[in-house]
Amino acid sequence: MIFYANSHGMNTNIITIPPQSSISYAMRTQKNKHHGGVLWFTGLSGSGKSTLAQILQKRLFDEGCQVYVLDGDHIRQGLNRDLGFSPHDRSENIRRIGEVAALFADAGIIVLCAFISPYQEDRNRARLAAGDKFHLVHVNASVELCEERDVKGLYRKARLGEIKDFTGISAPYEIPHDAEIVLDTAQHEVEYCSSVLYNYVRTHLFF
Ligand SMILES: Nc1ncnc2c1ncn2[C@@H]1O[C@H](COP(=O)(O)OP(=O)(O)OP(=O)(O)O)[C@@H](O)[C@H]1O
Ligand SMILES: [Mg+2]
């Protein structure tokens, strides 16, 4: 099949009517015994997004949920390997993930997205893509603490100027004011934060 591109490089033969699915969202949730949803973890590098997403995934999986983690590190090696860390590329990174996450949620899956996602506008767009299935989790810790943890040694490199545009050091992080959950990982242990997340999922996504 030949696809024609317009001046924006977009395919002009795509018809905007959504394809009919023989399996409805309600059928999926009935089978799964829970709703689909996007739990979007935002916060500085080292704040605890991946740690908490992985623990929550394990707990929900053990209970029979359909659950999956999308994490910055592996998405940037595959789907978004063509993108860097300029403001434009960061936005495009989050735009694509927001769309993918919305598809997961529509498929009845609980998808845990662990991305620094420093810009409010990008997080808004991800929320818009998933609609009422979107839940923002602000994993909050100060730059000083994250730098002290320096799990991946990236803060050190950023201080040495080896990494440009590093969030919290040489690139901004816009604190969210619309988070459904705020977890202060300086004040609270992993176990406590995990239980807050689990209880939230039980309340909002389980039947
Ligand atoms: N309450 C807490 N919740 C989560 N992590 C915590 C907490 N307290 C301490 N930590 C520690 O903080 C570190 C968080 O690292 P993690 O890789 O999860 O961060 P991240 O937000 O995913 O960073 P990145 O954006 O670089 O991937 C881990 O070493 C973890 O053990
Ligand atoms: Mg991580």
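Above this note sits the structure.
Quick caveat: nothing in here was measured; it's all calculated off a predicted structure.

## Topic: the overall build of the chain
Consideration 1: For the chain, the helix and strand inventory stands at eight helices and five strands.
Consideration 2: For the chain, the sequential pattern of α-helices and β-strands runs α-β-α-β-α-α-β-α-β-α-α-β-α.
Consideration 3: Taken against the 2.2 N^0.38 rule, which gives 17 Å for 207 residues, the C-alpha radius of gyration of the chain at 18 Å falls within 12% of a compact globule.
Consideration 4: With respect to the three principal axes, the spread of C-alpha positions in the chain is 50 × 45 × 30 Å.
Consideration 5: Here the chain holds 207 residues, and 35% of them are scored as buried.
Consideration 6: Of the contacts formed within the chain by residues at least 6 apart in sequence, a portion of 75% connects residues at least 24 apart.

## Let's talk about the site of ligand 1
Consideration 1: As a matter of local geometry, ligand 1 sits amid 21 residues, with Ser45, Gly48, Lys49, Ser50 and Thr51 nearest to it.
Consideration 2: For the shell around ligand 1, the secondary structure elements donating two or more residues are α2 (49-62) and α8 (190-205).
Consideration 3: Of the residues forming the shell around ligand 1, the biggest block, four residues, is contributed by α2.
Consideration 4: Residues belonging to the shell around ligand 1 are distributed by class as follows: seven nonpolar, ten polar and four charged.

## Regarding the packing of α2 against α8
Consideration 1: Between α2 and α8, the shortest axis-to-axis distance is 10 Å and the interhelical angle comes to 55°. Taken together, the axes of α2 and α8 are oblique relative to one another. Between α2 and α8 lies a crossing of right-handed hand. Contacts between α2 and α8 involve Thr51, Leu52, Ile55, Leu56, Arg59 and Leu60 on the former and, on the latter, Val190, Cys193, Ser194, Leu197, Tyr198 and Val201.
Consideration 2: Of the residues that constitute the contact of α2 with α8, the class distribution is nine nonpolar, two polar and one charged.

Criteria and cut-off values
- Residues numbered from 1 in each chain as written.
- Chains lettered and ligands numbered in written order.
- Predicted model: local features only at pLDDT ≥ 70, side-chain atom pairs only at ≥ 80, totals over all residues.
- Helix = DSSP H or I, 4+ residues; strand = E, 2+ residues; numbered from the N terminus.
- Rg over C-alpha atoms; globule rule 2.2 N^0.38 Å.
- Buried ≥ 20, exposed ≤ 12 C-beta atoms within 10 Å, placed from the backbone.
- Contact = placed C-beta atoms within 7 Å.
- Near = placed C-beta within 6 Å.
- Nonpolar A, V, L, I, M, F, W, Y, C, P; charged D, E, K, R; others polar.
- Axes fitted to C-alpha atoms, helices over the stretch in contact; angles between N-to-C directions.
- Parallel < 35°, antiparallel > 145°, perpendicular 65-115°, else oblique.
- Left-handed = near helix turned anticlockwise from the far one by under 90°.

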